[in-house]
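Overview (structure and organization)
Each chain, letter by letter, is given below.
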Amino acid sequence: ARSRCVIRALSFDLDDTLIDSFSPYVAAHQRIAEELRMRVPSHEELVVYLDTWERTLARLWPDADLGPFMARYAELTHEYHYPPIDGVLDSLAVLRERGHRLWIVTKRSRRLLGLRMQQAGLSADHFQGIFAFEDQPVTKPDPRCFEPVWRAGARPEQSLYVGDRVDDQLAASAAGMVFVAVST
């Protein structure tokens, strides 16, 4: 007889999985580049996100002093609202009601994590843990990004990860987790 795996822990990527972040991200980056008379990146160029925001910016503008860009972004960041993905809040409520333990494992830095979650109506209290870039020993696609979840008691073989990028799928598969892709 074939054994049935019971999923107990559900982990989620944050950006474009739980919150709609790509459109405001593009708008902010294009606006600031234009203001600073930098080459304005295309929507397609901004899809490529490296392991950190700083490295992503350096890829876009390899010879530029990124200090003014990052300073202006910090000034404007509150103008851009990151709403929840349609249906996320209700879905998370149902999953909690059914007894699932919920986690977030994201490449997002803690710097704006709280603001973005608040804008989306995501309460940190609804998650067993939220592990930002700074909380992980390495980032996705390395499967060790999930080590904080394992230390908190979840088991890979009883876990599922939901994400929107190939890096999410690679990390989950290498960690022995079930992966579910969203097409945001």
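Note that the coordinates shown come from a computational prediction; the quantities given were computed from them, not determined experimentally. (Residues numbered from 1 in each chain as written. Predicted model: local features only at pLDDT ≥ 70, side-chain atom pairs only at ≥ 80, totals over all residues. Heavy atoms only, no water.)

What follows covers the packing of helix α1 (residues 22-35) against helix α4 (residues 67-76). The contact between α1 and α4 brings their axes to 10 Å, and the two run at 125 degrees. Relative to α4, the element α1 is oriented oblique. Like other packed secondary-structure pairs, α1 and α4 cross with a definite hand, here right-handed. Residues Ala28, His29, Arg31, Ile32, Ala33 and Glu35 of α1 lie in contact with α4, whose contacting residues are Phe69, Arg72, Tyr73 and Leu76. For the contact of α1 with α4, the class distribution of residues is six nonpolar, one polar and three charged. (Axes fitted to C-alpha atoms, helices over the stretch in contact; angles between N-to-C directions. Helix = DSSP H or I, 4+ residues; strand = E, 2+ residues; numbered from the N terminus. Parallel < 35°, antiparallel > 145°, perpendicular 65-115°, else oblique. Left-handed = near helix turned anticlockwise from the far one by under 90°. Contact = heavy atoms within 4.5 Å. Nonpolar A, V, L, I, M, F, W, Y, C, P; charged D, E, K, R; others polar.)

Tallied over the entire structure, the rule returns 13 salt bridges. For Asp167, the salt bridge goes to Lys107, with nearest N and O atoms at 3.0 Å. Note that Asp167 is positioned in helix α8 (residues 166-175) and Lys107 in the loop between β2 (101-105) and α6 (110-120), a separation of 60 residues in sequence. For Asp167, a relative accessible area of 25% gives the class partly exposed. Salt-bridge contacts for Glu147 lead to Arg151; the nearest nitrogen and oxygen are separated by 3.9 Å. A residue pair is termed a helical-turn pair when its members lie 3 or 4 positions apart in one helix, as Glu147 and Arg151 do in helix α7 (residues 147-151) at four residues. (Salt bridge = Lys/Arg side-chain N within 4 Å of Asp/Glu carboxyl O. Buried < 20%, exposed > 50% of the residue type's maximum accessible area, 1.4 Å probe, protein only.)

As a further point, take the nonpolar core. Leu18, Leu92, Leu122 and Phe127 are the most contacted members of the largest nonpolar core, which has 40 residues in total. At the level of elements, β1 (9-12), α1, α3 (53-60), α4, α5 (88-97), β2, α6 and β4 (159-163) are the ones that each hand at least two residues to this core. When residues of this core are assigned to their parent elements, the largest contribution, six residues, is made by α1. Contact partners of Leu18, with chain neighbours within four places excluded, come to Phe12, Asp13, Pro84, Ile85, Val88, Leu92, Ile104, Leu122 and Phe127. Within the second largest apolar cluster, 13 residues are counted, among which are Trp103, Val149, Ala154 and Ala171. (Core = buried A, V, L, I, M, F, W, Y, C linked by side-chain atoms within 4.5 Å.)

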